[in-house]
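# Architecture at a glance
Listed below, chain by chain, are the residues.
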Amino acid sequence: MTTPLEQQASILGQMGMTRFFRRLLTEKPEILMKNVTVEAVRPGRWIRVEGRWVRNFGSDSFLGLDQHPAVQEALIRGVREWGTHNGTSRAFSSVAANVEAEERLAAWLGTEAALMYPSVSLANMGALPALTTRHDVIVADQYAHNSIEEGMRLAKARGVRSAKFAHNNPDDLERCLRSLRPYRRAVVAVDGVYSMSGQLPPLKELQQIARNHDGFLYVDDAHGTGVVGAQGRGTVWQTLGNYENVVVVGSLSKALSCLGGFIAASRCVIEVLQLRSHPLIFGGPVPPPYLTALLKVLDILCSPEYEQLRVALDANVCRLIEGARRLGLVVLGGCVPIVSVLVGPEEMTLQAGRFLFERGYYVQSVVFPAVPHGAGVLRVQLNANHPSEAIDGLLEAFAALKRVFPLPEVEPTVVPYPGPSLHATAIPA
Ligand SMILES: Cc1ncc(COP(=O)(O)O)c(C=O)c1O
């Protein structure tokens, strides 16, 4: 006899995408490369999966700092100094390294203050309800990260109205805001970099519309942190040149290779978040060893070494994009080290990912709902410490893939890719 809990799990397992993935798992377990177990890691961005060594093109550690000896040393030093964790909510106490890390984050970005959360998801789920009341509205880009949507849901449960506008479309944002009147304030929530396509939002236009409609920008720049703009300060600084009327959300777990997320804004905003943001008040902090590691990462970001890392990373992005274009693949992104190759149907995207894996390259097969239905992509994440032969090998595997699978095509080009330049907002044709 099954229990109510098991019956509930069985009902849930038959719904929507869960059913799709369960069917694939039963009928074609070999192509479903989800929840992959990495058995071991080696320099050169090797990972062992299913007993096979493959190059890992699925890591957000864009600057390769997870393998940096000084960052690893700092993490170990943090364990010795503070222990493995700080077992209390920050509403009670914080280790000095946490206070220092926030001050250093704000100084690096050029904001008045910063506040750390254990993840970007928690930052969004904490900040969006904290920054709004039932008199306010939240309007988000239709493709903003799921955690923005979760934050909106939590705010909605407290009476905040919300809506979505068409992706990267300022006119639709304006239409949306007009339709929501009357309200007191509007939060306009977008990603700083769209993580599945690598595209950037038109922040200047969005900011202007937000201002004209009693609103402010809320930019989740998780994928821009550390890799967009001078010293990796991110999309907001790079595009707007100031932080006026903006809440910036950044990641410590991607290019910065530590753990957590942060919100950077003027001091009055940060003080409100400290008092109103539930995950901070009722949950625990980033473990101290990651704080000492973060201090070392911030040293690197502010040193000449950062430029070297960026040169290596940008060269890798160019190598891949130019190679993919020579093959006539449809390439999305490229302003950050995320390059997506369009495949199309869900099942073919999963099969294509498996095909590359069999040839020694792990990339993420991304399908609906992370991308629109029928627009699955192979998402390649480039790191500064990918050797060039790994990128060439991946391109050869793509060439083989193209011979076997009916991938969408464009006219092959040999135009040099100028790179994810500091000012790029889109891939030049
Ligand atoms: C824009 C954006 N926000 C939030 C997240 C989630 O970050 P975290 O893992 O720190 O919760 C991601 C993850 O990829 C992201 O791309």
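These numbers come from a predicted model, not from an experiment. (Residues numbered from 1 in each chain as written. Predicted model: local features only at pLDDT ≥ 70, side-chain atom pairs only at ≥ 80, totals over all residues.)

### Let's talk about the confidence of the model for the protein
Reading fine detail from the predicted coordinates is not recommended where pLDDT is low. Just so we agree on the cut-off: The pLDDT value tells you how sure the predictor is about a given residue, anywhere from 0 up to 100. By the convention adopted here, residues make contact when the C-beta atoms placed from their backbones lie within 7 Å.
Looking at the protein as a whole, its pLDDT mean stands at 93, while 98% of the residues score no less than 70. In this model residues 422-429 is a low-confidence stretch, pLDDT under 50, and it forms eight contacts with partners more than four residues away in sequence or in other chains.

### Quick look at helix H4 (residues 96-109)
To be explicit about the condition: Helix and strand assignments come from DSSP, with helices taken as H or I runs of at least 4 residues and strands as E runs of at least 2, each series counted from the N terminus. The span expected for a helix works out to 1.5 Å for each residue beyond the first. Exposure is read from a count of other C-beta atoms within 10 Å of each residue's own; the residue is exposed at 12 or fewer, buried at 20 or more and partly exposed in between. C-beta atoms are placed from the backbone. Starting at the helix axis, one direction is taken to each C-beta atom, and the arc is that of these directions.
Here H4 spans 20 Å end to end across 14 residues, near enough to the 20 Å set by a 1.5 Å rise per residue. Turning to H4, its buried residues number three or more, namely Ala-97, Asn-98, Ala-101, Glu-102, Leu-105 and Leu-109. Within H4, the buried residues cover an arc of 135 degrees as seen down the axis, which keeps them to one side. Projecting away from the buried face of H4 at angles above 90 degrees are the exposed residues Ala-96, Glu-103 and Ala-107. If you follow the buried residues of H4, they end up packed against helix H3 (69-82), strand E4 (113-117), helix H9 (235-240), strand E9 (246-251), strand E10 (261-265) and helix H12 (288-301). Once H4 finishes, Gly-110 follows within two positions and takes phi at roughly 90 degrees, a positive value.

### Describing the nonpolar core
To be explicit about the condition: A set of buried residues drawn from Ala, Val, Leu, Ile, Met, Phe, Trp, Tyr and Cys, joined through C-beta atoms within 7 Å, is what defines a nonpolar core. All domain edges in this entry derive from an automatic or database-based domain assignment.
Counting residues in each nonpolar core, the largest one holds 123 residues, and the members touching the most others are Ile-138, Val-139, Val-188, Ala-189, Phe-262 and Ile-263. Mapping this core onto the domain boundaries places at least three of its residues in each of domain 1 (11-65 + 305-404) and domain 2 (69-301). Among residues more than four places away in sequence, those in contact with Ile-138 are Leu-128, Thr-132, Met-152, Ala-155, Val-160, Ser-162, Val-187 and Ala-189.

### Quick word on the site of the ligand
Let me state the cut-off plainly: A residue counts as near a molecule or strand when its C-beta atom, positioned from the backbone, falls within 6 Å of it. Residues are grouped as follows: Ala, Val, Leu, Ile, Met, Phe, Trp, Tyr, Cys and Pro are nonpolar; Asp, Glu, Lys and Arg are charged; all remaining types, including Gly, are polar.
The environment of the ligand is formed by 13 residues, the closest being Ser-119, Val-120, Ser-121, Ser-195 and Ala-222. Class assignment of the residues belonging to the shell around the ligand gives a composition of two nonpolar, nine polar and two charged.

### Focus: the environment of Phe-405
Within the element layout of this structure, Phe-405 appears in the segment after helix H15 (388-404). Put simply, Phe-405 and Asn-146 are 259 residues apart on the chain and 31 Å apart in space, counted from C-alpha to C-alpha. Excluding its chain neighbours within four sequence positions, the residues that come into contact with Phe-405 are Met-348 and Ala-352.

### A word on the sheet that holds strand E5 (residues 137-141)
Operational definition: Two strands are said to pair when DSSP picks up at least two bridges between them. What counts as an axis is a line fitted to C-alpha atoms, over the stretch in contact for a helix, and the angles between N-to-C directions run from 0 to 180 degrees.
Ordered in space as E4-E10-E9-E8-E7-E5-E6, the seven strands form an open sheet in which the pairing is mixed. Among the strands making up the open sheet, the edge pair consists of E4 and strand E6 (161-165). The sheet shows a mean angle of 20 degrees between the axes of neighbouring strands, taken without regard to direction. Pairing geometry for strand E8 (residues 215-220) and E9, over four bridges, is parallel. Bridge pairing in E9 places Leu-217 opposite Val-246. Where H4 meets the sheet, it contacts E4, E9 and E10, and its direction lies at approximately 125 degrees from that of E4. Its contacts with the sheet put helix H6 (residues 146-157) on E5, E6, strand E7 (186-191) and E8, and the angle it makes with E5 is roughly 160 degrees.

### Description of the packing of helix H7 (residues 170-180) against helix H8 (residues 203-212)
Inclusion rule: Small angles under 35 degrees read as roughly parallel and large ones over 145 as roughly antiparallel, with 65 to 115 read as roughly perpendicular and the rest as oblique. The handedness criterion is simple: a crossing whose near helix is rotated anticlockwise from the far helix by less than a right angle is left-handed, and one whose near helix is rotated clockwise is right-handed.
Viewed as axis vectors pointing N to C, H7 and H8 meet at an angle of 15 degrees, and their least axial separation amounts to 9 Å. One way to sum up the angle between H7 and H8 is to call them roughly parallel. Considering the relative orientation of H7 and H8, their crossing is right-handed. Contact residues: H7 offers Pro-170, Leu-173 and Glu-174, while H8 offers Glu-205, Leu-206 and Ile-209. Residue composition of the contact of H7 with H8, by class: four nonpolar, no polar and two charged.

### So, H15
In a regular helix each residue adds 1.5 Å, so 17 residues correspond to 24 Å; H15 covers 25 Å between its end C-alpha atoms and thus fits that length. Where H15 is concerned, the buried positions are Ala-390, Ile-391, Leu-394, Phe-398 and Leu-401. When H15 is viewed along its axis, its buried side chains cluster within an angular range of 95 degrees and face the same direction. Opposite the buried face of H15, by more than 90 degrees, sit the exposed residues Ser-388, Glu-389 and Arg-403. Check the buried side of H15 and you find it contacts strand E3 (52-56), helix H13 (304-326), strand E12 (338-344), helix H14 (346-358) and strand E13 (361-362).

### A short note on the sheet that holds E12
Across a sheet, strands are paired by hydrogen bonds formed along the backbone, either parallel or antiparallel in direction. If you trace the four strands from one edge of the open sheet to the other, you get E11-E12-E15-E14, paired in antiparallel fashion. Both edges of this open sheet fall to strand E11 (331-333) and strand E14 (364-366), since each of them pairs with a single strand only. Strand-to-strand twist in this sheet, taken as the mean axis angle between neighbours without regard to direction, amounts to 30 degrees. Pairing of E12 with strand E15 (residues 376-381) involves six bridges; the strand directions are antiparallel. Opposite Ile-338, over in E15, you have Gln-381 as the bridge partner. In the packing of H14 onto the sheet, the strands contacted are E12, E14 and E15, and the crossing angle to E15 comes to about 30 degrees.

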